[in-house]
Amino acid sequence: MPDSLQATRRLGADEVEVLLPADRLRARVGEIGREITRDYAGKPVVLVGVLKGALVFLADLMRSIDLPVSLDFVGLSSYVGTQTSGSIELTADLTRPIEGKHVILVEDIVDTGLTMQWLLGRLAERRPASLAVCALLVKPSRARVQVPVRYQGFEIADEFVVGYGLDHEGRLRNLPFVGVVRG
Ligand code: 5GP
C-alpha cells in the first residue's frame, strides 16, 4: 500500500494514526534543504541539532543541503511540569565555538516556543555571524512567545505527535512518519 494511504500503524502496544506520511516528510525536507542551499549560497553552515527529537529530521535535512555543512548538538533538560523556561538547562553543550559562523538551529517541534526562545538567547551570546531556526513542526495555537522560525516544515494542530524522531515516553521515535497515538 502506498505510504500516503496508510491510516494507522500498530507498534507493540501503541496504535498510531498517520498524520504526516513518510513521502510528505521526504518531499518537504527536500524543499527546505534546497531553500537553505539557496539562502546560504557559498557559505559554510553549522547545523545544531537539539537532542534527541531533531535527530531523524537533521539526518535527512543535511543530506539535502548542498553546502559545506558541519554538525553539532545541544541537549536540554526538560521543563515539563513547569510553566516557564526558568528551569531549562543545557545537559550537553556544543563541542566547538560558533563565533563568526552561520548557525542553523534544527528542532523537531516548536510548541509554546519557550525552549527555542531560551536556546536562541544562550547561543546569541556566543556571537555567531547569523542564527536561524529550522523546525520540522510548529503548533501555532500553543505559542506563548513568538519565535522567529525561518524554515518550517508543517504547521499542525494542538495534538501530541510522535514518530520521525519525536517520542512518547521514550518510545516511537523510530516511526518513519509523524502520527498521533490513538490507543
Ligand atoms: P516548547 O518549549 O516549544 O513548548 O516545547 C518544545 C519541546 O517540547 C519540543 O522540542 C519537544 O521535545 C516537546 N514537545 C512539544 N510538543 C510535542 C509533541 O507534540 N510531541 C512530542 N513528542 N514532543 C513535543
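The following paragraphs examine the structure supplied in this document. All figures in this text were calculated on a predicted structure; none of them were measured in a lab.

The rules we used
- Residues numbered from 1 in each chain as written.
- Predicted model: local features only at pLDDT ≥ 70, side-chain atom pairs only at ≥ 80, totals over all residues.
- Heavy atoms only, no water.
- Core = buried A, V, L, I, M, F, W, Y, C linked by side-chain atoms within 4.5 Å.
- Buried < 20%, exposed > 50% of the residue type's maximum accessible area, 1.4 Å probe, protein only.
- Helix = DSSP H or I, 4+ residues; strand = E, 2+ residues; numbered from the N terminus.
- Contact = heavy atoms within 4.5 Å.
- Pairing = 2+ DSSP bridges.
- Salt bridge = Lys/Arg side-chain N within 4 Å of Asp/Glu carboxyl O.
- Axes fitted to C-alpha atoms, helices over the stretch in contact; angles between N-to-C directions.
- Parallel < 35°, antiparallel > 145°, perpendicular 65-115°, else oblique.
- Left-handed = near helix turned anticlockwise from the far one by under 90°.
- Nonpolar A, V, L, I, M, F, W, Y, C, P; charged D, E, K, R; others polar.
- Right-handed = clockwise from strand over helix to strand, strands pointing away.

Considerations on the nonpolar core
Step number 1: By size, the foremost hydrophobic cluster in this structure holds 29 residues, and its most contacted members are I36, F57, L61, L136 and L137.
Step number 2: Secondary-structure elements contributing two or more residues to this core are α1 (22-39), β3 (45-51), α2 (55-62), β6 (102-110), β7 (130-138), β8 (149-155) and β10 (178-181).
Step number 3: With sequence-adjacent residues up to four places away left out, I36 is seen in contact with L61, I65, L67, I104 and Y151.
Step number 4: V74, V110, L119 and V133 belong to the second largest nonpolar core, which has 22 residues in total.

A closer look at the sheet that holds strand β9 (residues 161-162)
Hydrogen bonds between backbone atoms are what pair the strands of a sheet, whose relative direction is either parallel or antiparallel.
Step number 1: Strand order in the open sheet formed by 4 strands is β1-β2-β10-β9, and the pairing between neighbours is antiparallel. Where the open sheet ends on each side, the last strands, each with one partner, are β1 (8-11) and β9.
Step number 2: Alignment of β9 against β10, held across 2 bridges, turns out to be antiparallel. Its bridge partner being in β10, V162 is matched across the sheet by G179.

Considering the pattern of salt bridges
Step number 1: Per the counting criterion, the structure on display carries 13 salt bridges.
Step number 2: In this structure, a network of salt bridges that share partners links the residues D14, E169 and R171.

As for the packing of α1 against α2
Step number 1: Between α1 and α2, the least distance of the axes is 9 Å, while the angle of their chain directions is 60 degrees. Taken as axis vectors, α1 and α2 run oblique relative to one another. Note on packing geometry: the crossing formed by α1 with α2 is right-handed. On α2, the residues touching V29, I32, G33 and I36 of α1 are F57, D60 and L61.
Step number 2: Residue composition of the contact of α1 with α2, by class: 5 nonpolar, 1 polar and 1 charged.

Things to note about the pairing of β3
Step number 1: The buried count for β3 comes to 6 of 7 residues, which makes it a mostly enclosed element.
Step number 2: Of the strand pairs in this sheet, β3 and strand β4 (residues 69-76) are connected by 7 bridges, and their pairing is parallel. Bridged to V50 within β4 is V74.
Step number 3: For the crossover that starts at β3, traverses α2 and ends in the parallel β4, the hand is right-handed.
Step number 4: Note: β3 against β6, 5 bridges, orientation parallel. Bridged to V45 within β6 is H102.

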